[in-house]
Amino acid sequence: MKAFRTTVARLPKLGITKSFCLVHPHIAAGIVVFASFFGMFLGPGMTNSYGIFEEEYENRFSNINGTSSSGKTSSSSNALSPAIAIGAVHLGSNYLFTTIAGALCERLGMGLTTFIGSLMVGSGHFLAGFCTEVWQLVLTQGVLAGAGIGTIFIIVSTIPTSWFTKNQGFLIGIVHSGSGVGGLVLSPMARYLINRYQLSGAVKILGLILAVGLALVSLGMASKPEELLDREDMENIDIISMSDDCSEHKTSSLAKKRMSVRSFGVRDVHNTGGVLRSPEFWYLNIAVMLAEAAFYVVLFFLPVYAIGIGLTSEQGALIAGVANGASIIGRITIGYIADLAGNINMFFITHLFVTVSCFFLWFPAKSFLVMMVFACTFGIFAGSLTPMVPLCSVTLFGQNGLANNVGLLGIGMVLTTSAAPVVARVFYEKIGQNGAGYGTVALFCGGTYFVATLSILALRLCVSKKPWIKI
């Protein structure tokens, strides 16, 4: 153990130096926000574009399994497509490593941990270009690339909040919109590369782009030094002390309350055990587990679903890209509104709209126009999920331990995000193509979102039963 700690201490510390942060805090904050945005663009943005690969893998392996050596279709053509395992494992590995990455950051630092994640993402996609079997793709694009994206996500999604105490919703919305921009850009880019260089060549090229881009992101990672946090707290105490009719006792009380916004949030918990014992955590956990699973089912299945109702593969890619593009507007706009109306309040409202859109737009959709309307609606409201998770965690439990608290939520998402695509695929292949229509997937997602919305409502009532309170 001692040798391990010595080796870790000798590793290079990537990212913005502490001395630079202390001398130029505003510039450092800008670099962190930009790097985090770019990290979301390349990391989760690539995951949001996986629907393009899902379509390709389905065609490849369904044809292999469904055609005999004589060229005739065999009875196994009705079997569940094994390609779904790649996306399911990718998501599961993604969320599993959000928890592991939090511990790595404590030992290795934000920059070096992000760099390790970049190597995992790049090599996972590059090696996938040499794979010819499903199990090989599960290990490369599934486990390795998914783990790398999860490592990067937990850092870039939480680190900007430590640099800002005001307008956190708006700034986090900007950062998280990077995944929407990534989906908007990378979906058609992946389709273009596949058409030009075939699937294996496209994945190799994307692997190189992701490795280099995310390695550059690691150079812009840094948490806010404690000296700056202490300086801000002292300035706030001085401001409170100079206020009229402020006794020494009142000054201490107000200063503690101000600092507790950063440290403890609505619930005065000091450690992981306190978080796990709070009912608010479990309501939030259930909501995030279900909503995140349904979110990726929609993104993964939009291109396949579009082809199933008679649209072209290009139209399917465009619909998936529009959904990602609409999430850009949603994350920034809803983040700004959340600063005014409250994070948990907006979390409930947005997912209520998502539930309605699944039932009344996606389920009856049979045309390109209706699918585009659903993609816009879904992107705007469902896309707000990723920035709402850290914001709600800050509201409930404070800034301290944010990465750890979000990582705890990731443990539950390992199960739901891995299982949901498989269940949806069962509905799609076993029920949908036997006469019930492709709408079974839409009903599954709508029902999942409905239960998630009920859990958010329970969370809101647990914190306060007064509907006009900003929470």
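Residues numbered from 1 in each chain as written. Predicted model: local features only at pLDDT ≥ 70, side-chain atom pairs only at ≥ 80, totals over all residues. Heavy atoms only, no water.

**Remarks on the packing of helix H13 (residues 279–308) against helix H15 (residues 343–362)**
Two elements in contact, H13 and H15, have axes whose closest approach is 13 Å; the angle formed by their N-to-C orientations is 35°. The handedness of the crossing between H13 and H15 comes out as left-handed. Listed contacts from H15 to Leu284, Ala287, Val288, Ala291, Val298, Leu302 and Tyr305 of H13 are Phe347, His351 and Trp362. (Axes fitted to C-alpha atoms, helices over the stretch in contact; angles between N-to-C directions. Helix = DSSP H or I, 4+ residues; strand = E, 2+ residues; numbered from the N terminus. Left-handed = near helix turned anticlockwise from the far one by under 90°. Contact = heavy atoms within 4.5 Å.)

**Topic: the packing of H13 against helix H16 (residues 368–382)**
Any two packed helices are characterised by the angle at which their axes cross and by the distance between the axes. In contact at an axis separation of 12 Å, H13 and H16 are set at 160° when each is read in the N-to-C sense. When the interaxial angle is binned, H13 and H16 end up roughly antiparallel. In the packing of H13 onto H16, the handedness of the crossing is left-handed. Seen from H13, the contacting residues are Phe295, Val298, Leu299, Leu302 and Tyr305; seen from H16, they are Met371, Phe374, Phe378 and Ala382. Residue composition of the contact of H13 with H16, by class: nine nonpolar, no polar and no charged. (Parallel < 35°, antiparallel > 145°, perpendicular 65-115°, else oblique. Nonpolar A, V, L, I, M, F, W, Y, C, P; charged D, E, K, R; others polar.)

**Observations concerning the pattern of salt bridges**
A complete count under the given rule lists one salt bridge for this structure. Residue Arg191 is joined to Glu56 by a salt bridge in which the shortest nitrogen-to-oxygen separation is 2.9 Å. Within this pair, whereas Arg191 is found in helix H9 (residues 168–218), its partner Glu56 is found in helix H5 (residues 50–66), the two being separated by 135 residues in sequence. For Arg191, a relative accessible area of 8% corresponds to the buried category. Of the residues examined, Glu56 reaches a relative accessible area of 18% and is grouped as buried. (Salt bridge = Lys/Arg side-chain N within 4 Å of Asp/Glu carboxyl O. Buried < 20%, exposed > 50% of the residue type's maximum accessible area, 1.4 Å probe, protein only.)

**A few points about the side chain of Ser177**
With respect to the element layout, Ser177 can be found in helix H9. Engagement of the side chain of Ser177 in a polar contact is seen with the backbone oxygen of Ile174, the distance being 2.5 Å. Ignoring anything within four residues of it in the chain, the contact list for Ser177 reads Phe37, Ile328, Arg331 and Ile332. (Polar contact = N/O pair within 3.5 Å; in protein donor to acceptor, adjacent residues only side chain to side chain.)

**Notes on the packing of aromatic side chains**
Two measures describe an aromatic ring pair: the distance that separates the ring centres and the angle between the ring planes. Under the counting rule described, the total for this entry stands at 14 aromatic pairs. Relative to Tyr57, the ring of Tyr50 has its centre 6.5 Å away and its plane inclined at 45°; by these criteria the two rings are tilted. The exposure class of Tyr50 is buried, given its relative accessible area of 2%. By way of ring pairs, the aromatic residues Phe295, Tyr296, Tyr305, Trp362, Phe374, Phe378 and Tyr449 are connected into one cluster. Sitting over the ring of Phe130, Lys204 keeps its end group 3.9 Å from the ring centre. (Phe/Tyr/Trp six-rings, centres within 6.5 Å; stacked < 30°, edge-to-face > 60°. Lys NZ or Arg CZ within 6 Å of the ring centre and 35° of its normal.)

**Considerations on the nonpolar core**
The tendency in soluble globular proteins is for nonpolar side chains to be buried as a group. If you look at the biggest cluster of nonpolar residues, it comprises 121 residues, and the most contacted ones within it are Phe53 and Trp362. By residue number, the principal contributor to this core is H13, which donates 19 residues. Those residues in contact with Trp362 that sit more than four places away from it in its chain are Val298, Leu302, Tyr305, Ser357, Met371, Phe374, Val441, Ala442 and Cys445. (Core = buried A, V, L, I, M, F, W, Y, C linked by side-chain atoms within 4.5 Å.)

**Regarding the confidence of the model for the chain**
When pLDDT is averaged along the chain, the result is 79; 80% of the residues meet or exceed 70. Highest mean pLDDT in the chain belongs to H15 (94); lowest belongs to helix H11 (residues 248–263) (42). Within the model, pLDDT remains below 50 along residues 243–264, and this stretch shows 31 contacts once partners closer than five positions in the same chain are excluded. (pLDDT = per-residue confidence, 0-100.)

**As for helix H3 (residues 25–42)**
Taking 1.5 Å per residue as the helical rise, H3 with its 18 residues ought to reach 26 Å, and the 26 Å between its terminal C-alpha atoms agrees with that figure. All of the buried residues along H3 are Ala28, Ala29, Val32, Val33, Ala35, Ser36, Gly39, Met40, Phe41 and Leu42. (Expected span 1.5 Å × (residues − 1).)

**Describing H9**
Helix length check: H9 (51 residues) gives 22 Å between terminal C-alpha atoms against 75 Å at 1.5 Å per residue, more than 12% under. Considering bend angle alone, the principal kink of H9 is centred on Tyr197 and spans about 120°. (Bend = angle between axes of the 7 residues up to and from the residue.)

**Here's the deal with the side chain of Ser384**
Tracing the backbone through its elements, the reader meets Ser384 in the loop between H16 and helix H17 (385–397). Exposure remark for Ser384: the relative accessible area of 1% places this residue in the buried category. Non-local contacts of Ser384, meaning those with residues more than four positions away in its chain, are made with Arg331, Ile334 and Thr350.

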